[in-house]
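Inside the fold
As a plain string of letters, each chain reads:
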Amino acid sequence: MTDGDLDLTTRAVRAGIEDDRHYGAVVPPLHLSSTFTFSGLDRPRRHDYSRSGNPTRDVLADALCAMEAGAGACVTATGMAAITVALQLVEPGRRLLAPADCYGGTWRLIDALARRGAFEVEWVDFHDENAWKKALATPADLVWLESPTNPLLRLVDIRAICEASRASGARVVVDNTFLTPALQQPLVLGADIVVHSTTKYINGHSDVLGGAVVCADAETTDRVAWWANCMGLTGSAFDSWMTLRGLRTLEVRMRQHQENARAMARLLERHPAVARVHYPGLESHPQHRLAVRQQRGFGGIVSLELAGGKPAVRQFLDGLQLFSLAESLGGVESLVAHPATMTHAAMSAEARLAAGIGDGLLRLSVGLESAGDLCRELEAALGRVHLHVPGSPRVIDLSNA
Ligand SMILES: *Cc1c(COP(=O)(O)O)cnc(C)c1O
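Residues numbered from 1 in each chain as written. Predicted model: local features only at pLDDT ≥ 70, side-chain atom pairs only at ≥ 80, totals over all residues. Heavy atoms only, no water.

For the rest of this paragraph, the subject is the overall build of the protein. The helix and strand inventory of the protein stands at 14 helices and 14 strands. Computed over the C-alpha atoms, the radius of gyration of the protein is 22 Å, within 12% of the 21 Å expected from 2.2 N^0.38 for a compact globule of 401 residues. Structurally, the protein occupies a C-alpha span of about 85 × 55 × 35 Å along its principal axes. The buried share of the protein, taken over its 401 residues, is 52%. Pairs at least 24 residues apart make up 69% of the contacts formed inside the protein by residues separated by at least 6 positions. Roughly 18500 Å² of accessible area belongs to the protein as shown, and the carbon and sulfur atoms make up 52% of that amount. Computed over 39 positive and 45 negative side-chain charges, the inter-centroid distance for the protein is 1 Å. (Helix = DSSP H or I, 4+ residues; strand = E, 2+ residues; numbered from the N terminus. Rg over C-alpha atoms; globule rule 2.2 N^0.38 Å. Buried < 20%, exposed > 50% of the residue type's maximum accessible area, 1.4 Å probe, protein only. Contact = heavy atoms within 4.5 Å. Areas by Shrake-Rupley, 256 points an atom, 1.4 Å probe, with all protein chains shown as cover. Lys, Arg positive; Asp, Glu negative; His and termini not counted. Charge placed at Lys NZ, Arg CZ, Asp CG, Glu CD.)

Put into structure tokens, the structure is as follows:
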């Protein structure tokens with residue numbers, strides 16, 4: 001059996017296992033050394049200095065590369081470092097097409113670099129086919145995509161956009177942080193580059209920051225690795241070792257995150273205090289069919305809109321114990337975030353409203369606690385939300401509903 005025949009699950013579990021030739025360690029050793037000896041004058045070994053290359057980081061890069069079906073990968077210190085590296089592929093003065101509803105940190109970086117003249121950016125609505133086709137009519141170096149988006153879980157048709165981009169000479173980067181290669185492989189759908197914040201599901205335990213860039217071809221991998229080393233953005237050996245440990249259980253974690261998320265989405269969909277639920281796994285999601293076509297699953301993030309706005313949010317959050325109020329996502333523990341005052345607070349109120357992020361919106365990162373416990377806690381929290389019935393001053397107490 002060659003490596004190419006192995007399932008993703010097997011590759012992730014076996015990454016670097018039995019590589020140690022000195023002691024026969026089963027798990028790959030952690031090489032913390034910042035520097036490596038030359039075996040003689042003019043005789044460098046495979047590694048010389050850990051910024052440019054480190055054996056522990058290589059094991060993680062190889063594993064991520066295999067899982068994304070790429071030609072090469074570069075492991076970075078954070079997700080934003082991976083995005084910084086990928087953006088070096090836009091030449092000075094050339095065009096970048098980016099989604100207006102991308103991750104806030106990505107938006108801020110692209111905006112800041114464009115303002116200082118690094119490149120030109122056009123913010124595009126990739127949910128609107130006419131809009132992206134029109135944007136691609138003018139040459140661009142790079143197209144930036146995220147699917148599903150944060151926090152509204154809207155999808156873009158990755159395959160269709162990749163085909164049109166290729167025809168127009170632009171390369172496509174997909175930020176695959178939300179689904180991971182366990183549930184979506186953008187390179188297989190035609191993308192040229194995948195970036196990750198491994199801080200989220202890939203590490204999965206909320207205890208490491210990291211990122212990765214995976215490329216479909218060797219030449220781009222070399223360019224990316226050159227910039228990462230040049231700018232000092234590569235990841236540490238220790239973080240790589242920790243992330244590798246998380247990666248081994250990615251598939252089983254994603255399966256359970258998703259099963260729990262689906263249970264939450266179903267419960268929320270039926271509750272009168274909830275105005276809307278955003279989850280691509282629900283048949284009521286407007287892009288459910290696209291999700292079935294381009295993803296292998298629906299992920300572990302569910303967003304909901306409480307009918308009662310911010311007062312309802314306060315009642316809902318009050319006393320929640322199994323959902324910690326925090327930013328970030330993808331860890332084994334459940335988190336809840338209020339985008340309007342947390343992740344998206346830097347946007348103006350008008351920009352937030354235009355993006356569909358109201359004061360009643362909450363994002364759940366559904367963890368691996370028992371689904372029964374999580375459901376009971378959500379029911380209880382929704383029971384604290386007092387419903388105002390339109391046209392009536394009466395307040396309905398749902399605590400026994
Ligand atoms: C968190 C996140 C990032 C940034 O990653 P860091 O590891 O925090 O630097 C980028 N993209 C998405 C979609 C994210 O969720």
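Once the structure has been displayed, the description carries forward.
This brings us to the pairing of strand β5 (residues 171-175). Within a regular strand, side chains alternate between the sheet's two faces. Counted residue by residue, β5 has five buried out of five residues, so it is predominantly covered. The side-chain alternation of β5 yields two buried faces, one formed by Arg 171, Val 173 and Asp 175 and the other by Val 172 and Val 174. Handedness of the β-α-β unit built from strand β4 (residues 142-146), helix α6 (residues 158-168) and β5 comes out right-handed. Two strands pair when backbone bridges link them, and β5 and strand β6 (residues 193-197) are joined in this way by three bridges, in the parallel orientation. Across the sheet, residue Asp 175 finds its bridge partner in β6, namely Val 195. (Right-handed = clockwise from strand over helix to strand, strands pointing away. Pairing = 2+ DSSP bridges.)

Before going further, it helps to spend a moment on the pattern of salt bridges. Within this structure, the stated rule accounts for 11 salt bridges. Of the charged contacts, one joins Arg 46 and Asp 58 as a salt bridge, the two residues approaching to 3.1 Å between their closest N and O atoms. Pair noted here: Arg 46 is in the loop between α1 (8-14) and α2 (55-67) and Asp 58 is in helix α2, with a separation of 12 residues, a long-range link. Residue Arg 46 is classed as exposed on the basis of its relative accessible area of 68%. Close ionic contact of Asp 157 with Arg 293 constitutes a salt bridge, the shortest N to O distance being 3.4 Å. Placement of Asp 157 in the loop between β4 and α6 and of Arg 293 in helix α11 (residues 288-294) is noted, with a sequence separation of 136 residues between them. (Salt bridge = Lys/Arg side-chain N within 4 Å of Asp/Glu carboxyl O.)

This paragraph deals with the sheet that holds strand β2 (residues 95-99). Strands sit in the order β1-β7-β6-β5-β4-β2-β3 across an open sheet of seven strands; the sheet is mixed. Of all strands in the sheet, those bounded by a partner on one side alone are β1 (72-76) and β3 (120-124). Taking the axes of each pair of neighbouring strands and ignoring which way they run, one obtains an average angle of 20° across the sheet. Here five bridges tie β6 to strand β7 (residues 211-215), and the two strands are oriented antiparallel to one another. Residue pairing across strands places Val 195 opposite Val 213, the latter belonging to β7. (Axes fitted to C-alpha atoms, helices over the stretch in contact; angles between N-to-C directions.)

The next point concerns the packing of aromatic side chains. Under the definition given, this model contains three aromatic pairs. Centre to centre, the rings of Trp 107 and Trp 123 are 5.5 Å apart; their planes meet at 25°, and the pair counts as stacked. Within this pair, whereas Trp 107 is found in helix α4 (residues 104-115), its partner Trp 123 is found in strand β3, the two being separated by 16 residues in sequence. Relative accessible area serves as the criterion here: at 28%, Trp 123 is assigned to the partly exposed category. Ring geometry for Trp 226 against Trp 227: centres 5.1 Å apart, planes inclined by 90°, an arrangement best described as edge-to-face. Given the relative accessible area of 27%, Trp 227 is considered partly exposed. (Phe/Tyr/Trp six-rings, centres within 6.5 Å; stacked < 30°, edge-to-face > 60°.)

With respect to the secondary-structure elements, His 338 resides in the loop between β11 (335-337) and α13 (349-354). Separated by 2.8 Å, the side chain of His 338 and the backbone oxygen of Asp 359 make a polar contact. Residues within four places of His 338 in sequence aside, it is in contact with Lys 310, Val 313, Thr 343, Asp 359, Leu 361 and Leu 362. (Polar contact = N/O pair within 3.5 Å; in protein donor to acceptor, adjacent residues only side chain to side chain.)

For Pro 151, the position within the fold is in the loop between β4 and α6. Owing to a relative accessible area of 2%, Pro 151 belongs among the buried residues under this scheme. For the pair Pro 151 and Ala 261, spaced 110 residues apart in sequence, the C-alpha to C-alpha distance is 14 Å. With residues up to four places along the chain from it excluded, the contact list for Pro 151 reads Ser 303, Pro 339, His 344, Ile 357, Leu 361 and Arg 363.

Right, let's talk about the layout of surface pockets for a bit. Taken as a whole, the largest pocket holds about 1100 Å³ of empty space. Around the largest pocket sit 48 residues that line it, and Cys 102, Tyr 103, Gly 104, Gly 105 and His 344 are the ones nearest its centre. Mapped onto the lining of the largest pocket, the elements with two or more residues apiece are α3 (79-87), α4, β6 and α13. Along the lines of polarity and charge, the residues of the lining of the largest pocket split into 23 nonpolar, 16 polar and nine charged. For the lining of the largest pocket, the domains that each give at least three residues are domain 1 (3-247) and domain 2 (251-397). Around the second largest pocket sit 15 residues that line it, and Asp 19, Arg 21, His 31, His 47 and Pro 55 are the ones nearest its centre. (1 Å grid on protein atoms, 1.4 Å probe; cavity = no way out; pocket = protein on both sides within 12 Å on 5 of 7 lines; lining within 4 Å. Points joined across faces, edges and corners; volume = space filled by probe spheres on them. Nonpolar A, V, L, I, M, F, W, Y, C, P; charged D, E, K, R; others polar. Domains from an automatic or database assignment.)

Mean pLDDT over the protein works out to 94, with 96% of the residues at or above the 70 mark. Ignoring residues within four places in sequence, the model shows residues 391-401, a span with pLDDT below 50, making 20 contacts including any to other chains. (pLDDT = per-residue confidence, 0-100.)

What follows deals with the site of the ligand. Taken together, Thr 78, Gly 79, Met 80, Ile 83, Tyr 103, Asp 175, Thr 177, Ser 197, Thr 199, Lys 200 and Gly 210 are the residues near the ligand. A distance of 2.7 Å is found between an oxygen atom of the ligand and a side-chain nitrogen or oxygen belonging to Thr 199. Protein chains bury 91% of the 380 Å² of accessible surface belonging to the ligand in isolation. One can see that the ligand is located within the largest pocket. Considering every element that reaches the shell around the ligand, the biggest residue donor is α3, with three residues. Counted by class, the shell around the ligand contains three nonpolar, six polar and two charged residues. (Near = heavy atom within 4 Å. Sits in = over half its atoms within 2 Å of the grid points.)

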